[in-house]
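Residue-level listing of the chains:
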Amino acid sequence: MKKILALLLAVLMVAGLFTACAKPNTDGTKPSEDEKVTYTDPEKIADEMTSADGKYEVAFITDVGQLKDKSFNQGTFDGVKLYAANNGKSYKYYMPANGDQATDDDRINAVRAACDNGAKVVVAAGFMQEGALRAAAKDYPNVSFIFIDGYPVVEDPTVEGSPVLKNVAGISFQEEQSGFLAGYAAVMEGYTKLGFTGGGGGTNPACQRFGYGFVQGAEAAAAAKNVKVEVNYSWLHGATFSASNELQTMATGWYQNGTEVIFCCGGSMFTSVASAAGAEDGKVIGVDVDQSSQSPTVITSAMKGLSDSVQWALAKFYEGKFSELGGTGTALGAKDNAVGLPTATWSLKNWAVADYEALLAKIVDGSVTVKADLVEFPESTANVTVNAVK
């Protein structure tokens, strides 16, 4: 994340914006010199602002789940707020209708509303935005779209060789690396009964990479310690990335049957798993952002640089360099300091930060590699038994 943030700061300093960033006025008017401030905490920035002309040039389209999910949506929106607030840009978020049951039409309507409300650049979260971005990018060719957890989008997926849309920038992460570090950390801490519950029903590429990396990390640590590890692995009750009684019941059953820590990968699903962990003296591994403040059950979090990457991409747009990203896919990983575990809130007792940093360095230099295959249920290995819960 440091590299992305360093690039962002360099761009802002060249533009003369970082040292005196504009505080957004609630009425959309331009702030005076003595009102300028630099924000570092997104919680100090309003989620909603009022524009004098009703136009908002930076838009955010949420994924399924809640805006303030303390995970994927919120981490992405934090980047939008920080960039907009520190650069005097108007901003607005849009939630597709029908919540967790949103359809492609609902997402298309949300993106179109953003464009009609004056958006120059739209940040859309989640792979399910593909259809909406395809439609909007063709209807609004002068608007740029940043597709988080995305990839290049072609004009017509049914036509072989269909050209990519140059006004859509796909930004993804090497979640398998972050998942690997979380699985390795859990086993090095002394846990041998693990769980993984993921969102998207097994079709979400980011969650698949997180889960597959988690098992690989557990295998590597188990081999290093010469221990055997069991992993309950399920996509049940996570299709909509939401908290549910069914998910909490499943997690409770896992804990009662010996599971010590569950890696919960799926937005608001965290609430259900953390509740089960709290009641059963279990532990949780968070995802996307540092979730340690959300529950005392969290031992660490498999993070990715959502906020930093959004700010970096928005800076590219406002510096007139969006063409470097548009029509392409940018995958950010350990080499970009864009994935990892949160050392600032380190609570592990049996694995040191220095050892974590040494392992991370090996991933960066390639001496430790993590497979990124999109598998629904990874196979058992020499040291890890995977129990597929379907």
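For clarity, every value in this text was computed on a predicted model and none was experimentally measured.

### Focus: unusual backbone geometry
Its identity is not glycine, yet D149 carries a phi of approximately 65 degrees, on the positive side. With respect to the secondary-structure elements, D149 resides in the loop between β4 (144-148) and β5 (168-173). The class for D149 is buried, based on a relative accessible area of 11%. Of note, F241 is a non-glycine position whose phi angle comes to about 60 degrees, a positive value.

### Observations concerning the packing of aromatic side chains
Across all of its chains, the model carries 18 aromatic pairs by this definition. With a centroid separation of 5.4 Å and 80 degrees between ring planes, the pair formed by F196 and W235 is classed as edge-to-face. Separated by 39 residues along the polypeptide, F196 in strand β6 (residues 193-198) and W235 in the loop between β7 (229-234) and α7 (245-256) bring together distant segments of the chain. Judged by relative accessible area, which is 6%, W235 ranks as buried. Taken together, a centroid distance of 6.1 Å and an interplanar angle of 80 degrees make the contact between W351 and Y356 edge-to-face. When sorted by exposure, W351 lands in the same class as Y356, which is buried. Ring-pair connections join several aromatic residues into one group, and the members of that group are F196, F210, F214, Y233, W235, F263 and F377. In this arrangement the basic side chain of K92 is found over the ring face of Y56, its NZ or CZ atom lying 5.4 Å from the centre.

### Focus: the packing of helix α3 (residues 104-116) against helix α4 (residues 130-139)
Where α3 meets α4, the axes come as close as 8 Å, and the angle between the chain directions of the two elements is 40 degrees. You can see that α3 and α4 cross each other, and the crossing is right-handed. Residues R107, I108, V111 and R112 of α3 form the contact with α4, whose participating residues are G131, A132, A135, A136 and D139. Per-class residue counts for the contact of α3 with α4 are five nonpolar, one polar and three charged.

### A word on the pairing of strand β10 (residues 298-304)
Burial of β10 is extensive: seven of the seven residues sit out of reach of the surface. Taken together, the five bridges between strand β9 (residues 283-288) and β10 define a ladder with parallel strand orientation. Along β10, the bridge assignment pairs I285 with T300. Where β10 lies against strand β12 (residues 339-340), two bridges are found, and the strand directions are antiparallel. Residue pairing in the sheet places K304 in a bridge with V339 of β12.

### Thoughts on the packing of helix α5 (residues 175-189) against helix α10 (residues 353-365)
α10 packs onto α5 with a crossing angle of 150 degrees between their chain directions and a minimal axis gap of 11 Å. Relative to α10, the crossing made by α5 is right-handed. Only Y356, L359, L360 and I363 of α10 make contact with α5, whose side of the interface consists of Q177, F180, L181 and Y184. Class assignment of the residues belonging to the contact of α5 with α10 gives a composition of seven nonpolar, one polar and no charged.

### Some thoughts on the sheet that holds β5
Reading across from one edge, β2-β1-β3-β4-β5-β11 is the order of the six strands in this open sheet, with parallel pairing throughout. Bordering the open sheet on either side are β2 (91-94) and β11 (329-332), each of which pairs with just one other strand. Ignoring strand direction, the axes of neighbouring strands in this sheet form an average angle of 20 degrees. In this sheet, strand β3 (residues 121-125) lies alongside strand β1 (residues 58-61) in parallel orientation, the contact comprising four bridges. In the sheet register, F60 faces β3, and the bridge partner there is V123. Lying on the sheet, α4 is in contact with β3, β4 and β5; it crosses β4 at an angle near 170 degrees.

### Thoughts on the environment of N167
Its place among the elements puts N167 in the loop between β4 and β5. Assessed through its relative accessible area of 10%, N167 is described here as buried. Separated by 155 residues in the primary sequence, N167 and F322 place their C-alpha atoms 8.2 Å from one another. Those residues in contact with N167, other than ones at most four positions away along the chain, are A137, Y140, P141, V143, S144, F145 and F322. At a separation of 3.1 Å, a polar atom in the side chain of N167 contacts the main-chain carbonyl oxygen of A137. A distance of 3.4 Å separates a polar side-chain atom of N167 from the backbone oxygen of Y140.

### Details of the pairing of β4
Within β4, five of the five residues are buried, leaving the element largely enclosed by the surrounding structure. Sheet analysis places β3 next to β4, joined by five bridges and oriented parallel. Bridge pairing links V122 to F145 in β4. As for the winding sense of the linkage, the β-α-β connection from β3 through α4 to β4 is right-handed. Across four bridges, the pairing between β4 and β5 is parallel.

Rules used throughout
Residues numbered from 1 in each chain as written. Predicted model: local features only at pLDDT ≥ 70, side-chain atom pairs only at ≥ 80, totals over all residues. Heavy atoms only, no water. Helix = DSSP H or I, 4+ residues; strand = E, 2+ residues; numbered from the N terminus. Buried < 20%, exposed > 50% of the residue type's maximum accessible area, 1.4 Å probe, protein only. Phe/Tyr/Trp six-rings, centres within 6.5 Å; stacked < 30°, edge-to-face > 60°. Lys NZ or Arg CZ within 6 Å of the ring centre and 35° of its normal. Axes fitted to C-alpha atoms, helices over the stretch in contact; angles between N-to-C directions. Left-handed = near helix turned anticlockwise from the far one by under 90°. Contact = heavy atoms within 4.5 Å. Nonpolar A, V, L, I, M, F, W, Y, C, P; charged D, E, K, R; others polar. Pairing = 2+ DSSP bridges. Polar contact = N/O pair within 3.5 Å; in protein donor to acceptor, adjacent residues only side chain to side chain. Right-handed = clockwise from strand over helix to strand, strands pointing away.

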